[in-house]
Amino acid sequence: MERHPKQIHVRMSEDEVTRAKALAKSLGMTLSDLIRTLLQLPASSVGEGGNLVVIDRVTALKLAREMRRWGHHYNQAVHALNAIAYYLRANDMDTSDVLEELDRTSARLAAMQPGIEALRREAEAISQRAIAAIGQ
């Protein structure tokens, strides 16, 4: 039994067929896979009022991985600050210990910066592609 036994025939202009084939090829999909993917879009995103940004799986995975790394570093920095506060309240830290912990925490926060910048660039690129697509 076929995986997709039903067929739909659509009338399209030559330009629409060319654009659809080019899009499918650029995404590494067949034309049928492209149409099935587009059919998964929510109805509210189709038509005049819909502004939709589609992120491919590779980009989504990159963003998710970077967000996890960012969250991990953030969590480590907050943990270090909480440890400093705890020991200061208990009067168990002297100035040199506090400065050492602050330096470590500062280094962890600085380690986050490349990830933050990468996320910012990635999000900006996505939004620019979305703006360009709306203008077409």
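Rules used in this analysis
Residues numbered from 1 in each chain as written. Predicted model: local features only at pLDDT ≥ 70, side-chain atom pairs only at ≥ 80, totals over all residues. Heavy atoms only, no water. Helix = DSSP H or I, 4+ residues; strand = E, 2+ residues; numbered from the N terminus. Buried < 20%, exposed > 50% of the residue type's maximum accessible area, 1.4 Å probe, protein only. Contact = heavy atoms within 4.5 Å. Areas by Shrake-Rupley, 256 points an atom, 1.4 Å probe, with all protein chains shown as cover. Patch = residues over 30% accessible without salt bridge, like charges linked within 9 Å, V, L, I, M, F, W, Y side chains within 5 Å. Salt bridge = Lys/Arg side-chain N within 4 Å of Asp/Glu carboxyl O. pLDDT = per-residue confidence, 0-100. Lys, Arg positive; Asp, Glu negative; His and termini not counted. Charge placed at Lys NZ, Arg CZ, Asp CG, Glu CD.

**Re the overall build of the chain**
Along the chain, the regular secondary structure elements total four helices and zero strands. Mapped in sequence order, the helices and strands of the chain form the string α-α-α-α. Scored against the burial criterion, the 136 residues of the chain give a buried share of 15%. Look at the contacts in the chain between residues 6 or more apart in sequence, and 52% of them connect residues 24 or more apart. When the accessible surface of the chain is split by element, carbon and sulfur atoms take 56% of a total near 11,300 Å².

**Focus on a nonpolar patch on the surface**
A cluster of nonpolar side chains, namely L31, I35, L38 and L39, defines an oily patch on the protein surface of about 360 Å² accessible area. Mapped onto the elements, L39 comes out in the loop between α2 (31–38) and α3 (57–89). For L39, a relative accessible area of 60% puts it in the exposed group.

**Remarks on the confidence of the model for the chain**
For the chain, per-residue confidence averages 78 on the pLDDT scale, and residues scoring 70 or more make up 84% of the total. Mean pLDDT across the elements of the chain ranges from a minimum in helix α4 (residues 95–135), with 74, to a maximum in helix α1 (residues 14–26), with 91.

**Side note on the environment of R65**
Within the fold, R65 resides in helix α3. Residue R65 is classed as partly exposed on the basis of its relative accessible area, which comes to 47%. Measuring from C-alpha to C-alpha, the distance between R65 and G115 comes to 9.9 Å, with 50 residues separating the pair along the chain.

**Examining a negative patch on the surface**
A contiguous patch of negative charge, built from D94, D97, E100 and D103, is present on the exposed surface. By the element assignment, E100 lies in helix α4.

**Remarks on the pattern of salt bridges**
Inspection of every chain in the model, using the stated rule, returns one salt bridge. Between D33 and R36 there is a salt bridge whose closest N-O contact spans 2.7 Å. You can see D33 and its partner R36 sitting in helix α2, three residues apart, about one turn around the helix. Classification of R36 as partly exposed rests on a relative accessible area of 30%.

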